[in-house]
Amino acid sequence: MGRILAIIFGVLFIIFLVFLGLRLRHEPGPLFSFGGGSEDLNVNLDEMKPEEWLPYRNDQIKGLVRINIDARWEDDVLLDDEDEWLFFYRYDLKADQSAGQLGGVIYDAQNRPRGNDSIAISDQSPAYLVPYRLLPAYHAYKTRGYLGDNDLEYKTIAVAIEGVNPQNQEPLTDRLLVRGINQKRYNRFAMFWWIDEETGYGAAYAYTPGWFSLSRGNPSDWSSWDAGANIETLWAWEPRIDRSNLCRRQQWSLYSGDSPKFVPQSATDPIFARYGGEVTFCNGQAPDEPAFPEAQVLAYLEDGNLSRLDEAPRTEIPHYNEVTVFEIESTDAPDSDMPPEVNVDVDFNSNEGWRTMTWTVRMIPPATIKDAVKWRIIAVKDR
């Protein structure tokens, strides 16, 4: 008899598992689930987010991200020490859910709707989510940017807050940093901080069609990010359509005030506004033997290497220090053979002031098929 009952209960258990599996398969559950603990988000995010948002995941981002950058000390008391929920998503998707930009929102889990004091706060799990858009958003100072194209990375840092959260003993933070990636380069950068319940999070962001570095001399320097430092200066490197791998480079600086924002140097410096940035080599250093004449002139202005000069120049070739080149252009006709001598027009600033000059560069043809063309500076004059 006992054996028959065991078989019956076993069959019923199998039927229950099948039924449960079918329900889970056909009924959508929470977008992300978290198990255990008093801080769990017991809300189905599918019912909260716009249908057009596609959740974004990568190696760092597995789902909703616990975040707390709005805590603050008042009279040695830590206020708002509860975690919020950072959600990254793609929007403006194609029909097959490809492409689309990356955006972000922070959900603040609350026990009552914002502004409604008639509902008492209890110890129950949060029932309401207040969404605070990061980027893109519809507030006046956040209408133009978004977080990333192909991918993004984030981190939180402490700028104006110290100490640890007594709930979990984790260091307190008050800034969220996000760097967006396009074609494996960081071309977007954004910083967020808490303002108040009505405004939500402030934002300062920067974008370049090229890529950002944290160094003027190194086009791939992100060591300050790796060290968890506050980032207030970026360098935008923007390639030109040029055979010598030249870039325009300019600084972006964080300006504080009522609405902190990143501002490019071209917005404050008339020379940068005129030219769009200084000209340098995209890899951060001059080649030893440039293949084209304008690169040889730029290399000489940057490093002053006398080997770049002709052995018997027609004119005296000056040397300049602290050179910033704003425009450089070879004047050879693009649809004809390269002449043996080429003029290169350069606008630059130096320790001796502003100069506009024409440099003449002589070709040294290859002696054998194994030799490359070389160039030497033979003359220079003011334009």
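Residues numbered from 1 in each chain as written. Predicted model: local features only at pLDDT ≥ 70, side-chain atom pairs only at ≥ 80, totals over all residues. Heavy atoms only, no water.

Caption draft 1: Highlighting the overall build of the protein chain. Each helix and strand in the protein chain was counted, giving four helices and 20 strands. Counting contacts in the protein chain only where the partners sit at least 6 residues apart, residues at least 24 apart contribute 53% of the total. Accessible area of the protein chain: about 21500 Å², with a carbon and sulfur share of 50%. (Helix = DSSP H or I, 4+ residues; strand = E, 2+ residues; numbered from the N terminus. Contact = heavy atoms within 4.5 Å. Areas by Shrake-Rupley, 256 points an atom, 1.4 Å probe, with all protein chains shown as cover.)

Caption draft 2: Representation of the sheet that holds strand 17 (residues 324–330). Overall, antiparallel pairing links the four strands, which are arranged 17-18-19-20 in an open sheet. Each of the sheet's edge strands pairs with one partner strand only, and the pair in question is strand 17 and strand 20 (374–382). Geometrically, the sheet is characterised by an average inter-axis angle of 25° between neighbouring strands, direction not taken into account. (Pairing = 2+ DSSP bridges. Axes fitted to C-alpha atoms, helices over the stretch in contact; angles between N-to-C directions.)

Caption draft 3: Seen up close, the pattern of salt bridges. As enumerated under the stated definition, the model contains 16 salt bridges in all. For Arg 175, the salt bridge is made with Asp 174, and the minimal N-O distance between the two is 3.7 Å. Classification of Arg 175 by relative accessible area gives buried; the value is 18%. A single salt-bridge network, built from bridges that share partners, covers Arg 240, Arg 248, Glu 327 and Glu 329. (Salt bridge = Lys/Arg side-chain N within 4 Å of Asp/Glu carboxyl O. Buried < 20%, exposed > 50% of the residue type's maximum accessible area, 1.4 Å probe, protein only.)

Caption draft 4: Representation of the nonpolar core. In terms of nonpolar packing, the biggest core is built from 26 residues, with Val 297, Leu 301, Val 325, Ile 328, Val 346, Phe 348 and Trp 359 touching the most fellow members. Counting residues per element, the ones that place at least two in this core are strand 16 (278–281), helix 4 (293–303), strand 17, strand 18 (341–350), strand 19 (353–364) and strand 20. Broken down by element, the residue count for this core peaks at six residues, all from helix 4. Leu 102, Ile 106, Tyr 132 and Leu 147 belong to the second largest nonpolar core, which has 23 residues in total. (Core = buried A, V, L, I, M, F, W, Y, C linked by side-chain atoms within 4.5 Å.)

Caption draft 5: Representation of the pairing of strand 19 within the structure. Where strand 18 and strand 19 come together, 10 bridges link them in antiparallel fashion. Bridged to Glu 341 within strand 19 is Arg 362. Pairing of strand 19 with strand 20, which is carried by eight bridges, proceeds in the antiparallel orientation. Looking at the pairing, Thr 360 lines up with Ala 379 of strand 20.

Caption draft 6: Representation of the side chain of Ser 244. With respect to the helices and strands, the residue Ser 244 is situated in the loop between strand 13 (233–239) and strand 14 (246–255). One polar contact links Ser 244 to Glu 294, side chain to side chain, over a distance of 2.7 Å. When near neighbours in sequence (up to four residues on either side) are disregarded, Ser 244 contacts Phe 281, Phe 292, Glu 294 and Ala 295. (Polar contact = N/O pair within 3.5 Å; in protein donor to acceptor, adjacent residues only side chain to side chain.)

Caption draft 7: Structural detail: the confidence of the model for the protein chain. Mean pLDDT over the protein chain works out to 85, with 83% of the residues at or above the 70 mark. Low pLDDT (under 50) marks residues 11–39, which in the prediction has 27 contacts with non-local residues, meaning those over four places away or in another chain. Long-range and interchain partners of residues 119–125, a stretch whose pLDDT sits below 50, account for 10 contacts in this model, where long-range means more than four residues apart. (pLDDT = per-residue confidence, 0-100.)

Caption draft 8: Expanded view of the side chain of Lys 155. By the element assignment, Lys 155 lies in strand 8 (residues 151–157). Reaching out from Lys 155, the side chain makes a polar contact with the backbone oxygen of Trp 225 at a distance of 2.5 Å. Each residue touching Lys 155, except ones within four places of it in the same chain, is listed here: Arg 175, Leu 176, Leu 177, Trp 225, Asp 226 and Gly 228.

Caption draft 9: Structural context of the pairing of strand 11 (residues 200–207). The buried fraction of strand 11 amounts to six of the eight residues, a majority that puts the element mostly inside the structure. Here strand 10 (residues 185–196) pairs with strand 11 via eight bridges, running antiparallel. Bridge assignment links Ala 190 to a residue of strand 11, and that residue is Tyr 205. Connecting strand 10 to the next strand, strand 11, in antiparallel fashion are three residues.

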